[in-house]
Amino acid sequence: MTRTQGDTSALASSLHGMDGASYGRYKSLTGRWAMDGDFILEVRRIQADPFAPPSRIRIDVPAATAGFPEHLHDTDVRRRALGGHLLSTLRRALSATPLKVDAGGQEVLARSAIRIDDGALRVELGVPMPGHGRRIDGKQAARTLTRDLPDAVRAALRWETADRDAAEEFVHTVADAGALREQLRERGLVAFVADGAVLPRSSGVDERPLDDAVPFVSPESLRTTLTTPHAGEVTGMGVPEGVTLIVGGGYHGKSTLLRALETGVYDHVPGDGRERCVTRPDAVSVRAEDERGVQRVDVSAFVSHLPSGAPTDDFSTTAASGSTSQAASTLEALEAGADVLLIDEDTSATNVMIRDTRMRKLIPAEPLVPFVDRVRPLHERHGVSTVLVMGGSGDYLDKADTVILMDGYVATEITTRAHEVAATAGPSRASEHTGFPDVAHRVFDPASVDAEVRGRRKVTARGKARLTFGADDIDLSAVAQLADSSQVTGIGLALAHAVRTDLLDGRRTLAEVLDGLDRDVVSDGLECLAHGALSDYALPRRHEVAAALNRLRSARVAELRRSSGG
Ligand code: ADP
Ligand code: MG
């Protein structure tokens, strides 16, 4: 345990004393300071110069001082929720200061930025230590650390002064979402979209709800009632297991509905509009992504042969096409344990989705087996449901268990009518393929998953779409269900953790490695991924961890394990 350097006034006088000194003197602040208002400030790392990433500090508020009642933090879910609330309140309290806290966006994720332990709060912050060129600006630093910070801690991290209703609402909202999600499986649903939900976002770059949006109303025939611990009974649309088709004209809200299902794997902050839209935790969005690399994926379910003669049951490429990339991503999702696939025509390769009768006639030897031929066996044989947006082709009408029409943002169920149309508009195209092969499991070579460059771990998120991992850059721009850049850092740390702790040992399959990661986080907490890292990170899902590994260009698969068959 580091010794305590002094109190608030000692910190202030140290900072004033180093005003104008060379920047490196800041390093002498490293250590713990007992601050007015009864919290500990720990200076953990001082940046090397004013242009380097911000310095890292931590604050510890004892339970007796914070005083948040136990019912707000007595389960993992409530701790995550209260943590999310406190981080966003603290961010607001710090908005006029240079101090930064990782409060995230619309999704409420477990974050390294806050830890709640028996009511004691530990918060990690970044602070760019101010300088005039390479000289210390001690006055500014003293204002930030000895005045702004204690003010914000007092305002945001104490029950005594907290907006109690807001805290309760936040925790209740998240707990209710969790309860809704837990009911999905037993009710035979893959997702639930509450009546009154606001699905569209403010803009492509602003995830807050759109003003004046048309609130969601469930079709009568799909309306279900679920129960929540705090809001009581909630009605909305239950999306059943099986094959669900979302149809409708362009610009009528189809993709917006699918997007709500994609993000429904996470809980949302109060006011988001999608607080009560929940999706099964293992729902995975799949899309085309040409140019991505593929390492030894069995894509034979969708590709029967290739012009090069390369095997399709053990397929590798450094630059996939639209169709082979989507085929590979689908199989990879299944390998990682997806039980729901979410697919949008807007981001799909047409030739892997459909093939009409004329094209079958013209090119009988086409090697692609369209998804339309696999979507039913996938459910019947593997229990994997699909929700698909498809406004441009009728090929799926007779494959769907449920057809939802979006018309001017209003949902209706038109399954019967869709089946009638399919039956009268000519014979159904005979499926050429009726089964769905068992999914192969891959064993990655740990030596090829190297987070280090010259002995130092290098894991850095570049926004939400890129992860620097060791000497590699992973392109995550087609991974649709990432919440934010902290989660991308979390992915990098999770992969590094898997290799470092021998979970990824060259014998376990990827699915087993992901199981192990899930177990580690449940038993040892999110912090088990850090191994000394000071950067903020958030908990990723296993599916996004897999997606990153699948896009790591250096990664090599040592072995392909096919189930013993039967
Ligand atoms: P589609 O996929 O059917 O072409 P989108 O889901 O992309 O349509 O939606 C088209 C536009 O309509 C988007 O700008 C979206 O934000 C907006 N929108 C979607 N749902 C609603 C709604 N319920 N109320 C208002 N605007 C909406
Ligand atoms: Mg669309």
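## Notes on the coordination of the magnesium ion (ligand 2)
Within the protein, the magnesium ion (ligand 2) binds to Ser 255 (OG) and Asp 346 (OD); these donor distances fall in the range 2.1 to 2.2 Å. Separated by 91 residues along the polypeptide, Ser 255 in helix α6 (residues 254-263) and Asp 346 in the loop between β19 (340-344) and α8 (350-353) bring together distant segments of the chain. Judged by relative accessible area, Ser 255 falls into the partly exposed class, the value being 26%.

## Notes on the packing of helix α12 (residues 485-500) against helix α13 (residues 510-524)
Direction vectors running N to C along α12 and α13 enclose 105°, while the axes themselves pass 11 Å from each other. Accordingly, the angle class assigned to the pair α12 and α13 is roughly perpendicular. Here α12 contributes Ala 494, His 497 and Ala 498 to the contact with α13, which in turn contributes Val 513, Leu 517 and Asp 520. When its residues are assigned to classes, the contact of α12 with α13 shows four nonpolar, one polar and one charged.

## Focus: the nonpolar core
Soluble globular proteins tend to pack their nonpolar side chains together in the buried interior. Tyr 26 and Leu 157 are the most contacted members of the largest nonpolar core, which totals 53 residues. The dominant element in this core, judged by the number of residues it contributes, is helix α4 (residues 138-156), at seven residues. With sequence-adjacent residues up to four places away left out, Leu 157 is seen in contact with Ile 59, Val 61, Ala 66, Phe 68, Leu 86, Leu 90, Leu 121, Val 123 and Ala 152. With 42 residues, the next largest nonpolar core counts Leu 245, Val 294, Ile 354 and Val 403 among its residues.

## Things to note about the pairing of strand β9 (residues 189-194)
Of all six residues in β9, six are buried, a share of seventy percent or more. Across five bridges, β9 lies against strand β13 (residues 232-240) in antiparallel orientation. Note on β13: the bridge partner recorded for Phe 192 is Gly 238. Examined bridge by bridge, β9 and strand β15 (residues 277-279) share three bridges and lie antiparallel to one another. The partner of Ala 191 across the bridge, within β15, is Thr 279.

## Let's talk about the sheet that holds strand β28 (residues 472-475)
One open sheet holds the three strands; their spatial order is β26-β27-β28, and the pairing between them is antiparallel. Only two strands of the sheet have a single neighbouring strand rather than two, namely β26 (459-462) and β28. Strand-to-strand twist across the sheet, computed as the mean angle between neighbouring axes with direction ignored, equals 20°. Pairing geometry for strand β27 (residues 466-469) and β28, over four bridges, is antiparallel. The residue bridging Phe 469 from the neighbouring strand is Asp 472, located in β28. Those strands touched by α12 are β26 and β27, and its axis lies near 30° from that of β27.

## Things to note about the sheet that holds strand β5 (residues 114-117)
Ordered by their spatial adjacency, six strands build an open sheet running β1-β2-β3-β4-β6-β5, and the pairing between neighbours is mixed. Bordering the open sheet on either side are β1 (4-7) and β5, each of which pairs with just one other strand. Ignoring strand direction, the axes of neighbouring strands in this sheet form an average angle of 20°. As judged from the four bridges shared by β5 and strand β6 (residues 120-127), these two strands associate in the antiparallel manner. Bridge assignment links Ile 116 to a residue of β6, and that residue is Leu 121. Strand contacts of helix α1 (residues 8-17): β1, β2 (31-35) and β3 (39-45), with the helix running at about 125° to β2, the strand carrying the most contacts. Contacts from α4 reach β2, β3, β4 (55-61) and β6 within the one sheet, and its direction differs from that of β4 by about 45°.

## Describing the domain arrangement of the chain
In terms of domains, the chain is made up of domain 1 (4-162), domain 2 (283-424) and domain 3 (441-561). Computed over C-alpha atoms, the centres of domain 1 and domain 2 are 49 Å apart.

## A short note on a nonpolar patch on the surface
A contiguous nonpolar surface patch, about 460 Å² in accessible area, is contributed by Val 214, Tyr 251, Tyr 409 and Val 410. Tracing the sequence through the fold places Val 410 in strand β22 (residues 410-413).

## Some thoughts on helix α14 (residues 542-550)
Summarising burial for α14: nine of the nine residues are buried, a large majority. When we look at burial in α14, the residues that qualify are Arg 542, His 543, Glu 544, Val 545, Ala 546, Ala 547, Ala 548, Leu 549 and Asn 550. The inward-facing, buried residues of α14 abut β16 (283-285), α7 (322-335), β23 (441-444), β28, α12 and α13.

## Looking at the pairing of β3
The side chains of a regular strand alternate between both faces of the sheet. Burial analysis of β3 places five of its seven residues in the buried class, the great majority of the element. Where β2 and β3 come together, five bridges link them in antiparallel fashion. Residue pairing for β3: Trp 33 is matched across the bridge by Leu 41. Hairpin connection from β2 to β3: three residues lie between these consecutive antiparallel strands, with Gly 37 at a positive phi of about 90°.

## A short note on the packing of aromatic side chains
The full count for this structure, using the stated rule, is four aromatic pairs. By the ring-pair criterion, three or more aromatic residues cluster together here, those being Phe 302, Phe 371 and Phe 436.

## Topic: the pattern of salt bridges
Counted by the stated rule, this structure contains 43 salt bridges. Residues Asp 76 and Arg 79 are paired through a salt bridge, measuring 2.8 Å at the closest nitrogen-oxygen approach. Of the two residues, Asp 76 and Arg 79 both sit in helix α3 (residues 76-93), three residues apart, roughly one turn of that helix. According to the relative accessible area criterion, Asp 76 is exposed, its value standing at 57%. Ionic pairing is found between Arg 274 and Asp 272, a salt bridge with its closest N-O pair at 2.8 Å. A residue is classified by how much of its surface remains accessible, and Arg 274, at 1% relative accessible area, is buried. Taken together, the shared-partner salt bridges in this structure form one network comprising Glu 42, Arg 44, Arg 58 and Glu 124.

Rules behind the numbers
- Residues numbered from 1 in each chain as written.
- Chains lettered and ligands numbered in written order.
- Predicted model: local features only at pLDDT ≥ 70, side-chain atom pairs only at ≥ 80, totals over all residues.
- Heavy atoms only, no water.
- Donors = N, O, S within 2.8 Å, 3.2 Å for Na, K, Ca; no water.
- Helix = DSSP H or I, 4+ residues; strand = E, 2+ residues; numbered from the N terminus.
- Buried < 20%, exposed > 50% of the residue type's maximum accessible area, 1.4 Å probe, protein only.
- Axes fitted to C-alpha atoms, helices over the stretch in contact; angles between N-to-C directions.
- Parallel < 35°, antiparallel > 145°, perpendicular 65-115°, else oblique.
- Contact = heavy atoms within 4.5 Å.
- Nonpolar A, V, L, I, M, F, W, Y, C, P; charged D, E, K, R; others polar.
- Core = buried A, V, L, I, M, F, W, Y, C linked by side-chain atoms within 4.5 Å.
- Pairing = 2+ DSSP bridges.
- Domains from an automatic or database assignment.
- Patch = residues over 30% accessible without salt bridge, like charges linked within 9 Å, V, L, I, M, F, W, Y side chains within 5 Å.
- Areas by Shrake-Rupley, 256 points an atom, 1.4 Å probe, with all protein chains shown as cover.
- Salt bridge = Lys/Arg side-chain N within 4 Å of Asp/Glu carboxyl O.
- Phe/Tyr/Trp six-rings, centres within 6.5 Å; stacked < 30°, edge-to-face > 60°.

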